[in-house]
Every structure is written in structure tokens, then in C-alpha cells.
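# Residue-level structure breakdown
Okay, here's what each chain looks like letter by letter:
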Amino acid sequence: MQVSYHGHSVVKIKTGSKTILIDPFISGNSLTDLTASEEKPDVILLTHAHNDHVGDTIDLAKTNDAQIVAPVELANYLGSQGLNAIGMNLGGSHEFDFGTVKYTKAFHSSSYTTEEGDVIYGGMPAGLLFKAEGKTIYHAGDTEVFGDMAIIGERNEIDVAFVPIGDFFTMGPEDAAYAVELLKPKTVVPIHYNTFPPIKQDPEKFKALVKNTEVNILQAGGTIDL
């Protein structure tokens, strides 16, 4: 399995047979190396409804007949747009043909703004656990640190965790480093920083705060082989 980071919160997972995109904010993302028209995902996983996470989901799903998995209210909206969207909720898991998805808590907000300016309620924001080929990936979504991350860490042997460090809208470097202590992943990758002025951060600061876990600061397009 190959896992790659593509700026902001965009993560791509390539298993033996499928390509999965998490939060594919590509168009308008100044830090990504991807071009939306060139991506061919089989599956799109969404953590919450904010536009900088839903991103190019609608066009990508239409073009590639991709399956979407999202929090249920967001999935209902995307389904109303004619897309193949499966809605899940916090604590729920399901074994799909591409791997197992489980939604976890995230403390944030969630709404989608249409091109017409309508604001669509997106339900609860979430993190997600993805398991395939004997490996476990945790994508925290947008969140503050919370104590139940310890439960996630205790009950899952996380190979790589993607955690936001940008501050302002999510946890910053100090809280993110504490989150790593709770999650106990083998490797952590900082995400959701430097895309916009309010979330400018030096990832080396985060790295210096993390103890007992490998910190892999990936540039856009950087990969980890699991």
C-alpha cells in the first residue's frame, strides 16, 4: 500500500486494486501537486462538509463514477446531486471491497456552501480510520485535541496518522503533539497548515514537540510505503 500527501488535508491511498482520495481539495489549493482533471479515484472518503475538504468531490465522482463515503447528512446532499454516496456516522464501521472505514469523533463544525451561496448542513464532523491489507491509517479531519483519542490509540495499532497542526481553525502544534501522545501511531504526518494565512505554521516546531513517534513532514506528492 502506498499513502501520499497532497497539501492541506488531501491524502491518497493506493491499495493493490483501488485508488482512494481523502478530502480532495485540489482546485484552489495552492499547495497541492495534483490536477483535478487528471485524478482517477475509485473511492472518495470525506471527513466533513467544509469546502476545503469536499473540494472537487462532485466533479471527480461524476467523471470517474467514484463511490463516496461521508458523514450521513453530507452523503444525503451529495446523493441528491446524483452521486453514489454512502452515509455513515460516528462510531460506525463497514467493510467495503476497498477496505474498512470507521468514523471517529472530531470536534469542529461542518457545512457546505454551494456555488449559489446556499449553506448546507453537513452533520457531525469526523475523523476516520481506514484499514486495508493489514494496515491502519487514521485521518483526524479538522479537530481540536480530545481525550478519547487515547481510546482510538488503545484500540487500534495505527501505522500512520494524519493530524492538523494549523491552529486557528483546528489544533495547533502543541495540542497536535499531545494528540500524538494519545494516539500512539508509528508515524505521524502533519496536515492542514500553510494553505491560508491564518494557518501558517512551521512543521519543524511540531516535530520538535513530538516524542516517541516518527514525524514525517511530507511535501505535496510525498509518499509512505506501508
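Once a new chain begins, its residue numbering starts again from 1 and follows that chain's sequence as written. A pLDDT threshold of at least 70 governs which residues receive local features in this predicted model, and a stricter bar of 80 or more applies before side-chain atom pairs are shown or counted, although totals over entire chains, interfaces and linings include all residues. Hydrogen atoms and water are omitted, and side-chain values are computed over all heavy atoms in the structure.

Take the side chain of His6 next. Numbered from the N terminus, helices here are DSSP runs of H or I no shorter than four residues, and strands are runs of E no shorter than two. Summarising the element assignment, His6 is placed in the loop between strand E1 (2–5) and strand E2 (11–14). Judged by relative accessible area, which is 4%, His6 ranks as buried. Among all residues touching His6, those that are not within four sequence positions of it are Lys12, Asn29, Leu31, Thr32, Asp33, Leu34, Ala220 and Gly221. The buried label goes to any residue with under 20% of its type's maximum accessible area, the exposed label to any with over 50%, and the partly exposed label to all in between, with areas taken from a 1.4 Å probe on protein chains only. Contact between two residues is taken to exist if any of their heavy atoms lie within 4.5 Å; hydrogens are not considered.

A word on helix H3 (residues 72–80). Every buried residue of H3 is accounted for by Leu74, Ala75, Tyr77 and Leu78. Seen from one end, H3 has its buried residues packed into an arc of 160°, which puts them on one side. Exposed side chains of H3 directed beyond 90 degrees from the buried face belong to Asn76 and Ser80. On the buried face of H3, the contacting elements are helix H1 (51–54), helix H2 (57–64), strand E5 (67–71), strand E6 (85–88), strand E9 (111–113) and strand E10 (119–121). By construction, the arc corresponds to the directions joining the helix axis to the C-beta atoms.

Right, let's get into the pattern of salt bridges. Counted as salt bridges are all cases of a side-chain nitrogen of Lys or Arg within 4 Å of a carboxyl oxygen of Asp or Glu. Scanning the model with the defined rule gives five salt bridges in all. Where Asp148 meets Lys105, a salt bridge forms, and the shortest distance between an N and an O atom there is 2.5 Å. Remark: Lys105 occurs in strand E8 (residues 99–105) and Asp148 occurs in the loop between strand E12 (135–139) and helix H4 (149–155); sequence separation between them is 43 residues. Among the residues examined, Asp148 registers a relative accessible area of 31% and is labelled partly exposed. Owing to a relative accessible area of 38%, Lys105 belongs among the partly exposed residues under this scheme. Among the ionic pairs, Glu174 bridges to Lys205, the shortest N-O distance being 3.1 Å. With a gap of 31 residues between them, Glu174 in helix H5 (residues 173–183) and Lys205 in helix H6 (residues 203–209) connect regions that are remote in the sequence.

It is worth spelling out the sheet that holds E8 at this point. Strands in a sheet are paired, the pairing made by backbone hydrogen bonds, and the direction either parallel or antiparallel. Any two strands are treated as partners once DSSP identifies two or more bridges connecting them. Strand order in the open sheet made by the seven strands is E7-E8-E11-E12-E13-E14-E15, with mixed pairing throughout. The outermost strands of the open sheet, each flanked by one partner alone, are strand E7 (93–96) and strand E15 (214–215). Here strand E11 (residues 126–132) pairs with E12 via five bridges, running antiparallel. By the bridge assignment, Ala132 is partnered in E12 with Lys135.

So, on to the packing of aromatic side chains. Any two rings among Phe, Tyr and Trp, with Trp reduced to its six-membered ring, count as a pair given centres within 6.5 Å; such a pair is stacked if its planes are under 30 degrees apart, edge-to-face if over 60, and tilted if neither. Summed over all chains, the structure comprises six aromatic pairs. Seen in terms of ring centroids, Phe96 and Phe98 are 4.9 Å apart; in terms of plane orientation they differ by 15°. Their pairing is stacked. Considered together, Phe96 and Phe98 belong to a single accessibility category, that of buried residues. Pairwise contacts between aromatic rings join Phe96, Phe98 and Phe130 into one cluster.

On the basis of which strands lie adjacent, the open sheet formed by seven strands has the order E6-E5-E4-E3-E2-E1-E16 and mixed pairing. Pairing within the sheet leaves two strands with one partner each, and these edge strands are E6 and strand E16 (223–225). Put simply, the sheet's adjacent strands are angled 20° from each other on average, direction ignored. Pairing between E2 and strand E3 (residues 19–22): four bridges, direction antiparallel. In the sheet register, Ile13 faces E3, and the bridge partner there is Ile20. Against the sheet, H2 touches E3, strand E4 (43–45) and E5, its axis set at about 160° to E4. Strands in contact with H3 are E5 and E6; relative to E5, the strand with the most contacts, it is inclined by about 140°. Think of each axis as a best-fit line through the C-alpha atoms, taken over the contacting stretch in the case of a helix, with angles from 0 to 180 degrees between the N-to-C directions.

A word on the pairing of E7. Two elements, E7 and E8, share four bridges in a ladder whose sense is antiparallel. Across the sheet, Glu95 pairs through a bridge with Thr100, a residue of E8. Where E7 folds back onto E8 in an antiparallel hairpin, the turn is made up of two residues.

Before going further, it helps to spend a moment on H2. Along H2, the residues that are buried comprise Thr57, Ile58, Leu60 and Ala61. Looking at the buried positions of H2, the neighbouring elements they touch are E3, E4, H1, E5, H3 and E9.

In short, geometric facts, not functional conclusions.
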